[in-house]
Amino acid sequence: MSTAVSTSVEQIRKEFPVLHQEVNGKPLIYFDNAATAQKPKAVLDALSYYYEHDNANIHRGIHTLAERATSAYEDTRKATSRFVNSNEVEEIIFTKGTTEGINLVAQAYGRKFLKPGDEIIISHLEHHSNIVPWQILREQTGAVIKVIPINDKGELIIDAYRELLSGKTKIVAVNYISNSLGTVNPVKEIIAMAHEVGAVTLIDAAQAAPHHPIDVQGIDCDFLAFSAHKMYGPTGVGALYGKRRLLESMDPYQGGGEMIKDVTFEKTTYNEIPYKFEAGTPNIADVVAFKAAIDFIESIGYSFIHEHEERLLNHANKVLMDIPGMTPFGQAREKTSVFSFNIEGIHPFDIGMWLDAKGIAVRTGHHCTQPLMDWFKIEGTVRASMAIYNTTDELDTFAAALKDIVKKFKK
Ligand code: PLP
């Protein structure tokens, strides 16, 4: 069994050209996957194939290249709809990424429907991109933000969430999986509770898409946003799922070409969804290559991804915990392959720089979750976030490198 798995990971690694290089004279170990994942050849090939063969602007052209580009772009929409199990293909809007998806909902839904005193619930685990858009909306509408607290394992306190909910709650926006701690949140339960008080829900699935199957009908979320680049796809593209009824009720997010039916100087009528929310020439090539990332994940399958990443996390827990001065952050019962930590007496940035000198890429700092770092009363952590192509051998090298760093600093 373990041989079969390691052979497959070996094969998977071959698909990622960037992994096969030395950094600072050492084989690259890439543990910064929660920030962005590396891209398999299929994604790189899809990008260059598109530019070499099909490049044209979409939807309006009648020539062959325009038709090919349009159909490749719309094929990704169909694949994305299947990937998240949306009821209709038109419920998928292409965005720049998770951040834009959340801002779109805050502005196009929140600004239209929220009144002074209405409440938005977020959590203490949120990325800044699921905090700041709601603060902007608060300034614009007079709405109030409430925050679901966490326990010291980095899990949401669901009883406290229940207390926050009321008839005033209009939006509940939480992440599926925390980028800083790896906590997997019980989103189905959170959504059901929000719906009981008539609130709409937005799930930030940026960290879910690479690790965890997404079923928007199964969890019954109203909106869900994610980014291609964290799931082995290109940067600058992502998707927002929204229920048709809600998308149709919303104002446009931006005005311009593509999102209109008719324009006169007196009046404009808007296009149908999803085009109503895709003003201007989109990031066509990256949307096209996004499909290759979806195909890549589907070809591996989440059960293999889950099994392998769980093995990595267990191994990390085994080899990293006995490093002198180690303090891990985030011990949720349900978590993905993220190991966030500090080592007593050494600044996270110093650890990050020493690791880089050994060819190991990790992220250090607040990970765009400053309120979470404040909760732990720390400035930041070192975060090793593992992906499908990482190995237990890499974790052993990582542990040895950390031990070396501790020795150097203790001298
Ligand atoms: N939400 C979470 C949980 C994230 O981890 C990230 C990125 O790290 C984002 C949102 C923002 O994603 P993007 O920068 O791709 O828009």
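The structure reproduced in this document is the subject of the present report. (Residues numbered from 1 in each chain as written. Predicted model: local features only at pLDDT ≥ 70, side-chain atom pairs only at ≥ 80, totals over all residues. Heavy atoms only, no water.)

Across its 21 residues, helix α3 (residues 64–84) extends 30 Å between first and last C-alpha, which sits within 8% of the 30 Å expected from 1.5 Å per residue. Just downstream of α3, N85 is the residue with a positive phi angle, here 60°. (Helix = DSSP H or I, 4+ residues; strand = E, 2+ residues; numbered from the N terminus. Expected span 1.5 Å × (residues − 1).)

Below, the discussion takes up the site of the ligand. Around the ligand lies a shell formed by G97, T98, T99, H127, S129, N179, D204, A206, Q207, S227, H229 and K230. Contact distances for the ligand include 2.5 Å between a nitrogen atom and a side-chain N or O atom of D204. For the ligand, an oxygen atom lies 2.7 Å from a polar atom in the side chain of S227. Taken by itself the ligand offers 390 Å² of open surface, and the protein chains cover 86% of this. (Near = heavy atom within 4 Å. Polar contact = N/O pair within 3.5 Å; in protein donor to acceptor, adjacent residues only side chain to side chain. Areas by Shrake-Rupley, 256 points an atom, 1.4 Å probe, with all protein chains shown as cover.)

This part takes up the pairing of strand β17 (residues 381–385). For β17, a buried count of 5 out of 5 residues is recorded, marking the element as mostly surrounded by other parts of the structure. Of the two faces of β17, both are covered, the one formed by T381, R383 and S385 as well as the one formed by V382 and A384. Across 4 bridges, the pairing between strand β14 (residues 338–343) and β17 is antiparallel. Paired with V338 across the strands is S385, a residue of β17. Examined bridge by bridge, strand β16 (residues 363–365) and β17 share 3 bridges and lie antiparallel to one another. In the sheet register, R363 faces β17, and the bridge partner there is R383. (Buried < 20%, exposed > 50% of the residue type's maximum accessible area, 1.4 Å probe, protein only. Pairing = 2+ DSSP bridges.)

Further remarks concern the packing of aromatic side chains. This model, assessed by the stated rule, comprises 18 aromatic pairs. Ring centres 4.8 Å apart and planes at 45° place the aromatic pair Y109 and F113 in the tilted group. Of this pair, Y109 and F113 are both found in helix α4 (residues 98–113), 4 residues apart, which corresponds to roughly one turn of the helix. What makes F113 partly exposed here is its relative accessible area of 31%. With a centroid separation of 5.4 Å and 70° between ring planes, the pair formed by Y232 and F296 is classed as edge-to-face. You can see Y232 sitting in the loop between β9 (223–227) and β10 (238–242) and its partner F296 sitting in helix α10 (residues 284–300), a full 64 residues away along the chain. (Phe/Tyr/Trp six-rings, centres within 6.5 Å; stacked < 30°, edge-to-face > 60°.)

The analysis is restricted to geometry; functional conclusions fall outside its scope.
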